[in-house]
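Residue-level structure breakdown
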Amino acid sequence: MDETVVEKKKVVLSGIQPSGNQFTLGNYIGAIRNWALMQDSFDCIYMVANEHSITVRQEPAKLRENTYRAIASLLAAGIDPKKSILFVQSHVPAHAELAWILDCYTMFGELTRMTQFKDKSAKNADNINAGLFTYPTLMAADILIYQSDLVPVGADQKQHVEIARDIAGRFNGIYGNTFVLPEPYIPAMGAKIMSLAEPEKKMSKSDPNENAKILVMDKPEDIMRKFRRAVTDSYGEVRRGEDKPGLNNLITIYSVATGKTPEQVEAEFEGKGYGDFKTACGEAVVEMLRPFREQVETLMKNKDYLDQVAKEGAEQAERIAMRTLRKVQKKVGFLPRP
Ligand code: TYM
């Protein structure tokens, strides 16, 4: 008898919002670049989280265009629809259905403790809608509906993966084993790329200061200018340090862009000033993003192809999602549709 046991690959799921017309260098380094690297070792499912985007007001035509741009960006980052499932969240209605059920197993107090809710409600004081509040249960549904083992995210999303795990544990406790308990999978380097203008803050799409963020489609000259203006400190040496958030951030970015370790970067710039280092950072990022940018531009001219990818992705995703949804509906006592 054949003794070989084929080990099932772990399931990986992640998502990204299509709000804003493009991703930041933070999204690229902290998330989508790593998603592409995981495709051979795991069963990967990647999603454009357009339902999450409407927690903040969006212009409908722009949201549609940005959704295409997000699909194009994920493909350009190396996600291969032959290896991974790539789809748009709203094309699989089972997420929203499971989210409702999970809402009923999530505590008001838990949701109030979410730091992103606190931040976003402070920033959108005139639109603190219920969706902003229950956002984590939709994200939990995204994760749990695929029985995901690992969720690759930047540091800012870790709390949301943890609440998904808590909700799953609670549901399993009541109804018996239903959901796999997911774990956050945070990259060792680049999990939190900081603002170039205020390096104590995360680099964020919604930052109104253009110099604070690098957008993945920025022109090379803009990237160079933003790096030259990046806030550093008055020490004058290219070295990491606890009180040097600007330098730490630039060293991380340069390390990721060149594949060098932070120690190698410090050695390379020993005795050199910040001017040289910032120029080198700019150039490295321009080169890292060049093929990506070109690929996005090509793909955006072929919406039929993007539709095709989204269509096939949604079909594959839905098959898996419906299995979990049916199981959950049965467990909570919903009468099957006769
Ligand atoms: P979103 O769209 O804000 O960000 C997408 C991914 O990019 C990471 N990220 C960063 N990483 C490093 N440095 C930064 N400055 C930086 N900014 C953003 C985020 O951590 C994230 O991994 N709620 C999610 C989308 C989502 C999701 C999901 C994720 C919806 N459903 C299910 C995982 C699983 C969000 O808004 O990410």
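Residues numbered from 1 in each chain as written. Predicted model: local features only at pLDDT ≥ 70, side-chain atom pairs only at ≥ 80, totals over all residues. Heavy atoms only, no water.

Right, let's get into the site of the ligand. In the vicinity of the ligand there are 28 residues, among which Gln17, Tyr135, Asp142, Asp156 and Ile193 approach most closely. Contact distances for the ligand include 2.7 Å between a nitrogen atom and a side-chain N or O atom of aspartate 142. Backbone polar atom of isoleucine 193 to a nitrogen atom of the ligand: 2.8 Å apart, as the coordinates give it. Burial of the ligand by the surrounding chains reaches 96%, relative to a free accessible area of 710 Å². Broken down by secondary-structure element, the contributors of at least two residues to the shell around the ligand are strand 1 (11-16), helix 1 (25-37) and helix 7 (130-144). Its residues assigned to classes, the shell around the ligand comprises 13 nonpolar, 10 polar and five charged. (Near = heavy atom within 4 Å. Polar contact = N/O pair within 3.5 Å; in protein donor to acceptor, adjacent residues only side chain to side chain. Areas by Shrake-Rupley, 256 points an atom, 1.4 Å probe, with all protein chains shown as cover. Helix = DSSP H or I, 4+ residues; strand = E, 2+ residues; numbered from the N terminus. Nonpolar A, V, L, I, M, F, W, Y, C, P; charged D, E, K, R; others polar.)

With that settled, the discussion passes to helix 12 (residues 274-300). The end-to-end C-alpha separation of helix 12 is 37 Å, in line with the 39 Å expected for 27 residues at 1.5 Å each. At leucine 289, helix 12 is deflected by roughly 40 degrees, the largest bend along its length, and proline proline 291 occurs up to four residues later in sequence. (Expected span 1.5 Å × (residues − 1). Bend = angle between axes of the 7 residues up to and from the residue.)

Moving on: the environment of arginine 323. Within the element layout of this structure, arginine 323 appears in helix 13 (residues 303-332). Residue class for arginine 323 comes out exposed when judged on its relative accessible area of 58%. For the pair formed by arginine 323 and alanine 94, sequence separation is 229 residues and the distance between their alpha carbons is 9.8 Å. (Buried < 20%, exposed > 50% of the residue type's maximum accessible area, 1.4 Å probe, protein only.)

In this section: helix 4 (residues 94-103). For an α-helix, the turn length of 3.6 residues means that residues three or four places apart are oriented alike. Listed in full, the buried residues belonging to helix 4 are Ala94, His95, Leu98, Ala99, Ile101 and Leu102. Taken down its axis, helix 4 places every buried residue within 165 degrees of arc, on the same side. Buried residues along helix 4 sit against strand 2 (43-48), helix 2 (50-53), strand 3 (85-88), helix 7, helix 8 (158-175) and helix 13. (Arc of directions from axis to C-beta. Contact = heavy atoms within 4.5 Å.)

Another aspect to go through is the environment of threonine 261. Secondary-structure assignment places threonine 261 in the loop between helix 10 (245-258) and helix 11 (262-268). We classify threonine 261 as partly exposed; its relative accessible area is 34%. A sequence separation of 106 residues divides threonine 261 from alanine 155, and the C-alpha atoms of the two residues are 20 Å apart.

Turning our attention to the domain arrangement of the protein chain. When its domains are assigned, the protein chain resolves into domain 1 (11-190 + 303-332) and domain 2 (210-297). Every contact between the two is made by 14 residues of domain 1 and, on the other side, 17 residues of domain 2. Buried area between domain 1 and domain 2, both sides added, is near 1,400 Å², and the carbon and sulfur share of it is 78%. There are zero salt bridges connecting domain 1 and domain 2. Of all elements in the fold, only helix 1 and helix 3 (60-76) reach the threshold of two or more residues within the side of domain 1 that touches domain 2. Classifying every residue of the side of domain 1 that touches domain 2 gives eight nonpolar, four polar and two charged. (Domains from an automatic or database assignment. Buried area = accessible area lost by both parts, 1.4 Å probe. Salt bridge = Lys/Arg side-chain N within 4 Å of Asp/Glu carboxyl O.)

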